[in-house]
Amino acid sequence: MIAECIATVARHVFTITPDNPRSLAADEYANVLKRYKTDASSTDSIGEAVSLAIDMARSTSLPVICLGSLYTYGAVINALNEKMAF
């Protein structure tokens, strides 16, 4: 399972609920990750997840890695641009 693989390398995971009727809800996926002893928080949007991840990266000096479908990456890039705007 991918959650088990993620748990071996992630310090913290911020989950979202993709806009897909077959997707797992953010809180359910966070609970799956917690079963593998990984800190996880469900978020309401990609923007919120990106913002929290960037804030955590700044305070811990750890990298941010985004995983998901190709459909999510446009929203991730937009959220990064908004968060990193000066």
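Treat the numbers as computed from the prediction; the structure is a model and nothing was measured.

J.: Honestly, the overall build of the chain in this entry has me stumped. Any pointers?
T.: Secondary structure assignment for the chain yields four helices and two strands. Along the chain, helices and strands appear, N-terminal first, in the series α-β-α-β-α-α. Relative to the 2.2 N^0.38 estimate, which gives 12 Å for 86 residues, the radius of gyration of the chain is 13 Å and therefore close to what a compact globule would have. Its C-alpha atoms give the chain principal-axis dimensions of about 40 × 30 × 20 Å. The long-range fraction of contacts in the chain, counting pairs at least 24 apart against all pairs at least 6 apart in sequence, stands at 61%. Carbon and sulfur atoms form 56% of the exposed surface of the chain, whose accessible area is close to 6,200 Å². Treating the 7 positive side-chain charges of the chain as one cloud and the 9 negative ones as another, the clouds have centres 7 Å apart.

J.: I'm lost on helix 2 (residues 26–35) in this one. Help?
T.: Within an α-helix, residues lying three or four positions from one another point in the same direction, as the helix has 3.6 residues per turn. Considered for burial, the residues of helix 2 that qualify are Ala26, Ala30, Val32 and Leu33. Viewed end-on, helix 2 has its buried residues packed into an arc of 155 degrees, placing them on one side of the element. Just downstream of helix 2 lies Lys37, where phi reads positive at about 65 degrees.

J.: Would you mind showing me how to read the layout of surface pockets here?
T.: Where empty space is left becomes clear once a probe the size of a water molecule has been rolled over the atoms. Estimates place the volume of the largest pocket at around 1,300 Å³. Every residue lining the largest pocket is counted, 37 residues in all, and those nearest its centre are Val13, Phe14, Ile65, Cys66 and Leu67. Among the secondary structure elements, those contributing two or more residues to the lining of the largest pocket are helix 1 (2–7), strand 1 (12–15), helix 3 (46–60) and helix 4 (70–84). Ranked by residue count, the leading element in the lining of the largest pocket is helix 3, at eight residues. Residues of the lining of the largest pocket, tallied by class, amount to 26 nonpolar, nine polar and two charged.

Basis of the calculations
Residues numbered from 1 in each chain as written. Predicted model: local features only at pLDDT ≥ 70, side-chain atom pairs only at ≥ 80, totals over all residues. Heavy atoms only, no water. Helix = DSSP H or I, 4+ residues; strand = E, 2+ residues; numbered from the N terminus. Rg over C-alpha atoms; globule rule 2.2 N^0.38 Å. Contact = heavy atoms within 4.5 Å. Areas by Shrake-Rupley, 256 points an atom, 1.4 Å probe, with all protein chains shown as cover. Lys, Arg positive; Asp, Glu negative; His and termini not counted. Charge placed at Lys NZ, Arg CZ, Asp CG, Glu CD. Buried < 20%, exposed > 50% of the residue type's maximum accessible area, 1.4 Å probe, protein only. Arc of directions from axis to C-beta. 1 Å grid on protein atoms, 1.4 Å probe; cavity = no way out; pocket = protein on both sides within 12 Å on 5 of 7 lines; lining within 4 Å. Points joined across faces, edges and corners; volume = space filled by probe spheres on them. Nonpolar A, V, L, I, M, F, W, Y, C, P; charged D, E, K, R; others polar.

Function cannot be inferred from these measures alone, as they are strictly geometric.
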